[in-house]
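# Structural characterization, general
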Amino acid sequence: MRKCVFRISAILLILICISGCAQSKSPFNNQLAVTDFSRKANIAIGDVSYDCLVDFIDGVVTVTALSSSVSGLSFSYDGNELAFDYEEMSLSFDSVSLDIVNPAVEIYNVISAVNSGCITAVPTKDGIRAEGETDTGTFAAAFDTDYNLNAIELKNASIYVKFKAPS
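None of these values were measured; they are calculated from a predicted model. (Residues numbered from 1 in each chain as written. Predicted model: local features only at pLDDT ≥ 70, side-chain atom pairs only at ≥ 80, totals over all residues. Heavy atoms only, no water.)

### Regarding the overall build of the protein chain
So the rule is basically this: Under the DSSP-based scheme used, a helix requires at least four consecutive residues in state H or I and a strand at least two consecutive residues in state E, with every element numbered from the N terminus. Burial classification: accessible surface area is computed with a 1.4 Å probe over protein chains only, and a residue below 20% of its type maximum counts as buried, one above 50% as exposed, and the rest as partly exposed. Note on contacts: a residue pair is in contact if any heavy atoms of the two residues lie within 4.5 Å. Per-residue and other accessible areas were derived by the Shrake-Rupley procedure at a 1.4 Å probe size, with only the shown protein chains allowed to occlude residues.
When helices and strands are counted, the protein chain shows three helices and eleven strands. Put simply, the protein chain runs from its N terminus to its C terminus through helices and strands in the order α-α-β-β-β-β-β-β-α-β-β-β-β-β. Counting over 167 residues, the protein chain shows a buried share of 37%. Considering only residue pairs separated by 6 or more positions, the protein chain has 36% of its internal contacts joining residues 24 or more positions apart. For the protein chain, the computed accessible surface area is about 10200 Å², with 55% contributed by carbon and sulfur atoms.

Okay, structure coming up:
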């Protein structure tokens, strides 16, 4: 009996370690990979929205406000550190010490989930819709037929990002 319990426990432990995430068998999971980009977007957080530039370069997401009273304010996130830059002021924080919702962090987390394949992806008439989870909750990401990221929605954080068409 002990041998049976031990074997079942060992098998469960191995399966948990191997799985990493619960993903569907969709063929689109392997085709979706967000690579470096720089695109204009509109970000809505609750009732507030602003135009911005979103860069994903070398594993870092930077969101720079282009409209509103804080035009030029940028947030950068690399998975560990959140940095704020505005005019001549710069601050950075260890992300573990922060309990805030920030568009750069949320976009980074969605891109990481997509790139790791921890999503469910289904075709749509306009491209592909990917759904998954981040620490903030569930997300939906829309991709066009060329696999460019079109939109991100995080309902739990009330964040919606609509990317402008690539130029």
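### Focus on the side chain of N102
Mapped onto the secondary structure, N102 falls in the loop between β6 (89-94) and α3 (103-116). Excluding residues that lie within four positions of it along the chain, N102 makes contacts with F75, L82 and F84.

### Re the environment of I43
Within the secondary structure, I43 sits in strand β1 (residues 37-45). In this structure, the C-alpha to C-alpha distance between I43 and L53, residues ten residues apart in sequence, is 9.8 Å. Those residues within four positions of I43 in sequence are excluded, and the remaining contacts are V48, S49, Y50, C52, V63, P103, I107, Y160 and V161.

### Looking at the pairing of β1
Our working rule: A pair of strands is considered paired only if DSSP assigns at least 2 bridges between the two.
Pairing between β1 and strand β2 (residues 48-57): nine bridges, direction antiparallel. Looking at β2, one finds that R39 is bridged to V54. As consecutive antiparallel partners, β1 and β2 are separated by two residues, and within that stretch G46 has a phi angle of approximately 65°, a positive value. Of the strand pairs in this sheet, β1 and strand β11 (residues 159-163) are connected by five bridges, and their pairing is antiparallel. Bridging across to β11, A41 finds its partner in F163.

### Remarks on unusual backbone geometry
Although it is not a glycine, Y147 adopts a positive phi angle of roughly 70°. For Y147, the position within the fold is in the loop between β9 (137-144) and β10 (149-154). Not every positive phi belongs to a glycine, and S158 is a case in point at roughly 55°. Among the residues examined, S158 registers a relative accessible area of 42% and is labelled partly exposed.

### Some thoughts on the pattern of salt bridges
The test is simple: Here, a salt bridge means any Lys or Arg side-chain nitrogen found within 4 Å of an Asp or Glu carboxyl oxygen.
Under the defined criterion, the tally for this structure stands at one salt bridge. We note a salt bridge from R129 to E131, for which the minimum N-O separation is 2.9 Å.

### Some points on the packing of aromatic side chains
Worth spelling out the cut-off: Stacked, tilted and edge-to-face are the three classes assigned to paired rings of Phe, Tyr and Trp, where Trp is represented by its six-membered ring and a pair needs centres within 6.5 Å; plane angles under 30 degrees give stacked, over 60 edge-to-face, the rest tilted.
Summed over all chains, the structure comprises five aromatic pairs. Aromatic side chains F75 and F84 sit 5.0 Å apart centroid to centroid with 80° between the ring planes, which places their arrangement in the edge-to-face category. Exposure remark for F75: the relative accessible area of 14% places this residue in the buried category. Consider the rings of F84 and F93, whose centres lie 5.8 Å apart with planes at 80°: the pair is edge-to-face. Overall, the relative accessible area of 32% leaves F93 in the partly exposed class. Site record: aromatic cluster; members linked through ring pairs are F37, F56 and F163.

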